[in-house]
Amino acid sequence: MEKTDTRQRLLILAKDWFIEHGYKFVKTDDLAKELGISKRTIYSMFPSKDEMLIEALRLPIIDFENKLEELALRMIDDDKFTFFENLISLWDQIIEHSTIFTFKFDAEIKKYLPQFYSACQNQTNKRFSNFKRVFEIGVERGYLKSEINIDVFMNIMHFTMSNMLRNENLANLPLNIKDVLRQIFIVVFTGAMTPAGAVKFYETIPTDAST
(Lines give C-alpha, C1' and ligand atoms only; values in the text may rest on other atoms or scores of the structure.)
Protein backbone atom coordinates (compact mmCIF):
# COMPACT_ATOMS: atom_id res chain seq x y z
CA MET A 1 0.00 0.00 0.00
CA GLU A 2 2.80 2.41 0.91
CA LYS A 3 4.54 1.84 -2.42
CA THR A 4 1.25 2.46 -4.25
CA ASP A 5 0.70 5.70 -2.34
CA THR A 6 4.24 6.86 -3.12
CA ARG A 7 3.78 6.05 -6.80
CA GLN A 8 0.51 7.95 -6.91
CA ARG A 9 2.00 11.00 -5.17
CA LEU A 10 4.94 10.91 -7.57
CA LEU A 11 2.68 10.82 -10.64
CA ILE A 12 0.53 13.69 -9.38
CA LEU A 13 3.56 15.84 -8.58
CA ALA A 14 5.27 15.07 -11.90
CA LYS A 15 2.08 15.93 -13.80
CA ASP A 16 1.59 19.21 -11.91
CA TRP A 17 5.19 20.31 -12.45
CA PHE A 18 5.09 19.38 -16.13
CA ILE A 19 1.89 21.34 -16.68
CA GLU A 20 3.01 24.38 -14.71
CA HIS A 21 6.67 24.61 -15.68
CA GLY A 22 7.39 22.30 -18.62
CA TYR A 23 9.47 19.22 -19.33
CA LYS A 24 12.90 20.55 -18.39
CA PHE A 25 11.74 21.68 -14.95
CA VAL A 26 10.73 18.14 -13.94
CA LYS A 27 13.93 16.68 -12.48
CA THR A 28 14.12 13.33 -10.73
CA ASP A 29 16.32 14.73 -7.96
CA ASP A 30 13.83 17.50 -7.19
CA LEU A 31 10.87 15.10 -7.21
CA ALA A 32 12.66 12.78 -4.79
CA LYS A 33 13.51 15.66 -2.47
CA GLU A 34 9.98 17.06 -2.55
CA LEU A 35 8.46 13.67 -1.71
CA GLY A 36 11.07 12.71 0.87
CA ILE A 37 12.16 9.58 -0.99
CA SER A 38 15.34 8.44 -2.70
CA LYS A 39 16.07 8.78 -6.38
CA ARG A 40 16.58 5.00 -6.42
CA THR A 41 12.97 4.57 -5.27
CA ILE A 42 11.75 6.54 -8.26
CA TYR A 43 13.81 4.47 -10.68
CA SER A 44 12.51 1.28 -9.11
CA MET A 45 9.05 2.36 -10.26
CA PHE A 46 9.97 4.02 -13.58
CA PRO A 47 13.14 3.26 -15.56
CA SER A 48 13.22 6.76 -17.08
CA LYS A 49 11.89 10.26 -16.62
CA ASP A 50 10.00 10.01 -19.91
CA GLU A 51 8.15 6.84 -18.90
CA MET A 52 7.21 8.43 -15.59
CA LEU A 53 5.84 11.55 -17.30
CA ILE A 54 3.94 9.55 -19.91
CA GLU A 55 2.21 7.60 -17.16
CA ALA A 56 1.52 10.80 -15.18
CA LEU A 57 -0.06 12.51 -18.18
CA ARG A 58 -1.77 9.48 -19.71
CA LEU A 59 -4.22 8.90 -16.87
CA PRO A 60 -5.90 12.36 -16.77
CA ILE A 61 -6.07 12.46 -20.58
CA ILE A 62 -7.75 9.05 -20.71
CA ASP A 63 -10.15 10.14 -17.97
CA PHE A 64 -11.05 13.22 -20.00
CA GLU A 65 -11.61 11.22 -23.18
CA ASN A 66 -13.78 8.71 -21.32
CA LYS A 67 -15.97 11.49 -19.93
CA LEU A 68 -16.43 12.96 -23.41
CA GLU A 69 -17.33 9.60 -24.87
CA GLU A 70 -19.80 8.92 -22.05
CA LEU A 71 -21.53 12.26 -22.66
CA ALA A 72 -21.59 11.73 -26.42
CA LEU A 73 -23.14 8.28 -26.00
CA ARG A 74 -25.71 9.69 -23.59
CA MET A 75 -26.72 12.26 -26.19
CA ILE A 76 -27.18 9.46 -28.71
CA ASP A 77 -29.02 6.95 -26.51
CA ASP A 78 -30.71 8.80 -23.65
CA ASP A 79 -33.84 10.84 -24.31
CA LYS A 80 -34.17 11.92 -20.65
CA PHE A 81 -31.75 14.79 -21.25
CA THR A 82 -32.15 17.54 -23.82
CA PHE A 83 -29.66 17.95 -26.62
CA PHE A 84 -28.41 21.28 -25.31
CA GLU A 85 -28.10 20.15 -21.70
CA ASN A 86 -25.73 17.46 -22.88
CA LEU A 87 -23.97 19.77 -25.32
CA ILE A 88 -23.26 22.26 -22.52
CA SER A 89 -22.01 19.45 -20.26
CA LEU A 90 -19.76 18.30 -23.08
CA TRP A 91 -18.34 21.76 -23.57
CA ASP A 92 -17.84 22.25 -19.82
CA GLN A 93 -15.61 19.17 -19.84
CA ILE A 94 -13.59 20.68 -22.69
CA ILE A 95 -13.28 23.98 -20.81
CA GLU A 96 -12.06 22.22 -17.68
CA HIS A 97 -9.56 20.18 -19.68
CA SER A 98 -8.28 23.16 -21.69
CA THR A 99 -7.61 25.30 -18.61
CA ILE A 100 -5.15 22.61 -17.48
CA PHE A 101 -3.81 21.16 -20.73
CA THR A 102 -2.97 24.37 -22.54
CA PHE A 103 -1.32 25.15 -25.87
CA LYS A 104 2.03 25.32 -24.05
CA PHE A 105 1.41 21.87 -22.58
CA ASP A 106 0.60 20.48 -26.02
CA ALA A 107 3.78 21.97 -27.50
CA GLU A 108 5.89 20.48 -24.70
CA ILE A 109 4.50 17.00 -25.31
CA LYS A 110 5.05 17.29 -29.05
CA LYS A 111 8.68 18.38 -28.57
CA TYR A 112 9.85 16.11 -25.77
CA LEU A 113 7.49 13.11 -25.87
CA PRO A 114 6.74 12.68 -29.60
CA GLN A 115 5.53 9.08 -29.42
CA PHE A 116 3.11 9.96 -26.65
CA TYR A 117 2.01 12.98 -28.69
CA SER A 118 1.13 10.66 -31.60
CA ALA A 119 -0.95 8.52 -29.25
CA CYS A 120 -2.74 11.65 -28.03
CA GLN A 121 -3.53 12.56 -31.63
CA ASN A 122 -5.27 9.22 -32.06
CA GLN A 123 -7.44 10.11 -29.08
CA THR A 124 -8.19 13.46 -30.71
CA ASN A 125 -9.42 11.64 -33.82
CA LYS A 126 -11.72 9.55 -31.62
CA ARG A 127 -13.00 12.75 -30.00
CA PHE A 128 -13.78 14.19 -33.46
CA SER A 129 -15.81 11.08 -34.27
CA ASN A 130 -17.92 11.54 -31.14
CA PHE A 131 -18.48 15.23 -31.88
CA LYS A 132 -19.43 14.42 -35.44
CA ARG A 133 -22.18 12.12 -34.19
CA VAL A 134 -23.34 14.80 -31.73
CA PHE A 135 -23.59 17.31 -34.58
CA GLU A 136 -25.56 14.79 -36.66
CA ILE A 137 -28.03 14.39 -33.78
CA GLY A 138 -28.44 18.18 -33.66
CA VAL A 139 -29.24 18.18 -37.38
CA GLU A 140 -31.67 15.26 -37.02
CA ARG A 141 -33.55 17.08 -34.25
CA GLY A 142 -33.74 20.31 -36.25
CA TYR A 143 -31.44 22.34 -33.97
CA LEU A 144 -28.42 22.62 -36.28
CA LYS A 145 -28.36 23.56 -39.96
CA SER A 146 -28.24 20.58 -42.28
CA GLU A 147 -26.39 22.51 -45.01
CA ILE A 148 -23.27 22.94 -42.83
CA ASN A 149 -20.47 20.49 -43.60
CA ILE A 150 -19.71 18.73 -40.31
CA ASP A 151 -16.00 18.19 -41.01
CA VAL A 152 -15.53 21.87 -41.86
CA PHE A 153 -17.47 22.87 -38.75
CA MET A 154 -15.34 20.64 -36.49
CA ASN A 155 -12.12 22.00 -37.95
CA ILE A 156 -13.32 25.56 -37.41
CA MET A 157 -13.95 24.69 -33.76
CA HIS A 158 -10.57 23.00 -33.39
CA PHE A 159 -8.46 25.70 -35.02
CA THR A 160 -10.37 28.52 -33.32
CA MET A 161 -9.70 26.97 -29.92
CA SER A 162 -6.06 26.20 -30.71
CA ASN A 163 -5.30 29.73 -31.88
CA MET A 164 -7.28 31.55 -29.22
CA LEU A 165 -5.56 29.62 -26.44
CA ARG A 166 -2.09 30.71 -27.47
CA ASN A 167 -0.64 32.84 -24.68
CA GLU A 168 -0.03 35.87 -26.90
CA ASN A 169 -3.70 35.93 -27.92
CA LEU A 170 -5.05 35.54 -24.40
CA ALA A 171 -2.79 38.33 -23.15
CA ASN A 172 -4.71 40.83 -25.27
CA LEU A 173 -8.12 39.84 -23.94
CA PRO A 174 -9.75 40.96 -20.66
CA LEU A 175 -11.00 37.38 -20.18
CA ASN A 176 -9.71 34.21 -18.60
CA ILE A 177 -9.44 30.92 -20.48
CA LYS A 178 -12.85 29.69 -19.35
CA ASP A 179 -14.55 32.90 -20.51
CA VAL A 180 -12.81 32.72 -23.89
CA LEU A 181 -13.94 29.13 -24.44
CA ARG A 182 -17.51 29.96 -23.45
CA GLN A 183 -17.53 32.77 -26.02
CA ILE A 184 -16.19 30.44 -28.73
CA PHE A 185 -18.93 27.97 -27.86
CA ILE A 186 -21.68 30.61 -28.09
CA VAL A 187 -20.43 32.32 -31.27
CA VAL A 188 -19.68 29.17 -33.27
CA PHE A 189 -22.68 27.11 -32.21
CA THR A 190 -25.29 29.84 -32.48
CA GLY A 191 -24.03 30.47 -36.00
CA ALA A 192 -24.73 26.82 -36.78
CA MET A 193 -28.21 26.78 -35.25
CA THR A 194 -31.58 26.98 -36.89
CA PRO A 195 -33.97 29.62 -35.44
CA ALA A 196 -35.74 26.88 -33.44
CA GLY A 197 -32.39 25.59 -32.19
CA ALA A 198 -31.32 29.08 -31.07
CA VAL A 199 -34.52 29.47 -29.04
CA LYS A 200 -33.98 26.11 -27.36
CA PHE A 201 -30.31 26.90 -26.79
CA TYR A 202 -30.97 30.14 -24.93
CA GLU A 203 -33.64 28.41 -22.86
CA THR A 204 -31.03 25.90 -21.75
CA ILE A 205 -27.71 27.72 -21.47
CA PRO A 206 -26.79 29.15 -18.02
CA THR A 207 -27.30 32.90 -17.91
CA ASP A 208 -23.69 33.63 -16.91
CA ALA A 209 -22.35 31.80 -20.00
CA SER A 210 -23.79 34.41 -22.38
CA THR A 211 -21.94 37.32 -20.80
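Note: the structure precedes this text.
Residues numbered from 1 in each chain as written. Predicted model: local features only at pLDDT ≥ 70, side-chain atom pairs only at ≥ 80, totals over all residues. Heavy atoms only, no water.

Student: Help me out: how do you make sense of the overall build of the protein chain in this one?
Tutor: Assigned secondary structure in the protein chain consists of eleven helices and zero strands. When the helices and strands of the protein chain are listed from N to C terminus, the series reads α-α-α-α-α-α-α-α-α-α-α. Within the protein chain, the fraction of its 211 residues that count as buried is 39%. For the protein chain, long-range pairs separated by at least 24 residues make up 67% of all intrachain contacts whose partners lie at least 6 apart in sequence. (Helix = DSSP H or I, 4+ residues; strand = E, 2+ residues; numbered from the N terminus. Buried < 20%, exposed > 50% of the residue type's maximum accessible area, 1.4 Å probe, protein only. Contact = heavy atoms within 4.5 Å.)

Student: Just to check I follow, could you spell out the environment of Lys-67 for this structure?
Tutor: Along the chain, the position of Lys-67 falls in helix α4 (residues 49–77). Separated by 23 residues in the primary sequence, Lys-67 and Leu-90 place their C-alpha atoms 8.4 Å from one another.

Student: Help me out: how do you make sense of helix α8 (residues 150–164) in this one?
Tutor: Three- or four-residue spacings in an α-helix give side chains the same orientation, since the helix completes a turn every 3.6 residues. Under the 1.5 Å per step criterion, the end-to-end length of α8 is 21 Å for 15 residues, consistent within 8% with the ideal 21 Å. Along α8, the residues classified as buried are Ile-150, Phe-153, Met-154, Met-157 and Met-161. Projected down its long axis, α8 shows its buried positions confined to an angular sector of 100 degrees, all on one face. (Expected span 1.5 Å × (residues − 1). Arc of directions from axis to C-beta.)

Student: Any chance you could explain the packing of α8 against helix α10 (residues 177–192) here in plain terms?
Tutor: Each pair of packed helices can be described by the angle between their axes along with the distance between the axes. At a minimum axis separation of 11 Å, α8 and α10 run at an interaxial angle of 160 degrees. With respect to α10, the element α8 is oriented roughly antiparallel. The crossing of α8 and α10 is right-handed. When α8 is examined against α10, the residues Phe-153, Met-157, Thr-160, Met-161 and Met-164 are found in contact with a partner set consisting of Val-180, Leu-181, Ile-184, Val-188, Phe-189 and Ala-192. (Axes fitted to C-alpha atoms, helices over the stretch in contact; angles between N-to-C directions. Parallel < 35°, antiparallel > 145°, perpendicular 65-115°, else oblique. Left-handed = near helix turned anticlockwise from the far one by under 90°.)

Student: Hey, could you run me through the nonpolar core in this one?
Tutor: When a protein is soluble and globular, its nonpolar side chains tend to lie buried together. Counting 35 residues, the largest nonpolar core has Phe-83, Leu-87, Trp-91, Phe-153, Phe-185 and Phe-189 as its most contacted members. Of all elements in the fold, only α4, α5 (83–100), α7 (114–140), α8 and α10 reach the threshold of two or more residues within this core. Beyond its immediate sequence surroundings of up to four residues, Phe-189 is in contact with Leu-87, Leu-144, Phe-153, Met-157 and Ile-184. If you look at the next biggest cluster of nonpolar residues, it comprises 28 residues, including Ile-19, Met-45, Ala-56 and Phe-101. (Core = buried A, V, L, I, M, F, W, Y, C linked by side-chain atoms within 4.5 Å.)

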